[in-house]
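The residues making up each chain are set out below.
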Amino acid sequence: MSIHENLLGGPPPTHLPDDPEPRELLASGAAPADVAAKYPSSSLAWAQLADDAYEAGRTVESYAYARTGYHRGLDALRRSGWKGHGPVPFEHEPNRGFLRALHALARAAQAIGEQEEYERCSQFLRDSSPTAASTLG
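Counting starts from 1 at the beginning of each chain's written sequence and moves along it residue by residue. Local features in a predicted model are, by the rule used here, given only for residues with pLDDT of at least 70; side-chain atom pairs are given and counted only at 80 or more, and totals for whole chains, interfaces and linings are based on all residues. The side-chain numbers reported here are obtained from all heavy atoms of the structure, hydrogens and water having been left aside.

As annotated in an unreviewed UniProt entry, the protein chain carries the name DUF3151 domain-containing protein and comes from Streptomyces hesseae.

Okay, here's the thing in structure tokens:
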């Protein structure tokens, strides 16, 4: 038996490939809009834009940024073999951009009264990564 065999019968965890450039630029203080423009497929850059807009009270703008990051993340997950369900571990740093965008989408959806989307995204986050759900709030 392999040490990594899934004994629960569910899909294996999805680990997105590392894309360090956007993460490093953001960590060095680069403007998230510049990072998103240079790396438009980076969920992390879009999630940061969503967080910044939300903190500044620009909820609709946050919603739009989060939705972009969420969809970019779904594309990346599918390219990595994800079949629409299963774990997306927060512990794997390259997954965090998608998970942050999903959290930001849920938060902004709730703020604009999109209760059904808030509930769907919140459940998706919990199902994908309980750690992300508890860490991100």
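What follows picks up the thread again.
**Student:** An account of the nonpolar core is needed here, citing residue identities and associated values.
**Tutor:** Formed by 24 residues in total, the largest nonpolar core has its most connected members in Tyr-70, Leu-74, Leu-77, Phe-98, Leu-99, Leu-102 and Phe-124. A helix here means a DSSP run of H or I that spans at least four residues, while a strand means a run of E at least two residues long, and both kinds are numbered starting from the N terminus. Elements with a contribution of two residues or more to this core: α4 (59-79), α5 (96-111), α6 (115-128) and α7 (130-136). Take this core: its biggest share by element is 8 residues, from α5. When sequence neighbours within four positions are dropped, the list of residues in contact with Phe-124 reads Tyr-70, Leu-74, Trp-82, Phe-98 and Leu-102. The next biggest cluster of nonpolar side chains, apart from the first, holds 8 residues, and it includes Leu-26, Val-35, Ala-36 and Tyr-39. We call a set of buried Ala, Val, Leu, Ile, Met, Phe, Trp, Tyr and Cys residues a nonpolar core when their side-chain atoms join them within 4.5 Å. When a residue's accessible area, from a 1.4 Å probe over protein chains only, is under 20% of the maximum for its type it is buried; when over 50% it is exposed; and in between it is partly exposed. We call two residues in contact when some of their heavy atoms are within 4.5 Å.

**Student:** How would you sum up the pattern of salt bridges? Please name residues and give values.
**Tutor:** One side-chain nitrogen of Lys or Arg within 4 Å of one carboxyl oxygen of Asp or Glu is enough to make a salt bridge. By the definition in use, this model includes 8 salt bridges. Its salt-bridge partner being Asp-51, residue Arg-100 comes within 2.8 Å of it at the nearest N-O pair. With Arg-100 in helix α5 and Asp-51 in helix α3 (residues 43-55), this pair connects stretches of sequence that are 49 residues apart. Here Arg-78 and Asp-75 are joined by a salt bridge, their closest N and O atoms 4.0 Å apart. Here Asp-75 and Arg-78 lie together in helix α4, a separation of 3 residues that amounts to about one turn. Here the residues in one salt-bridge network are Asp-18, Arg-23 and Glu-93, joined through shared partners.

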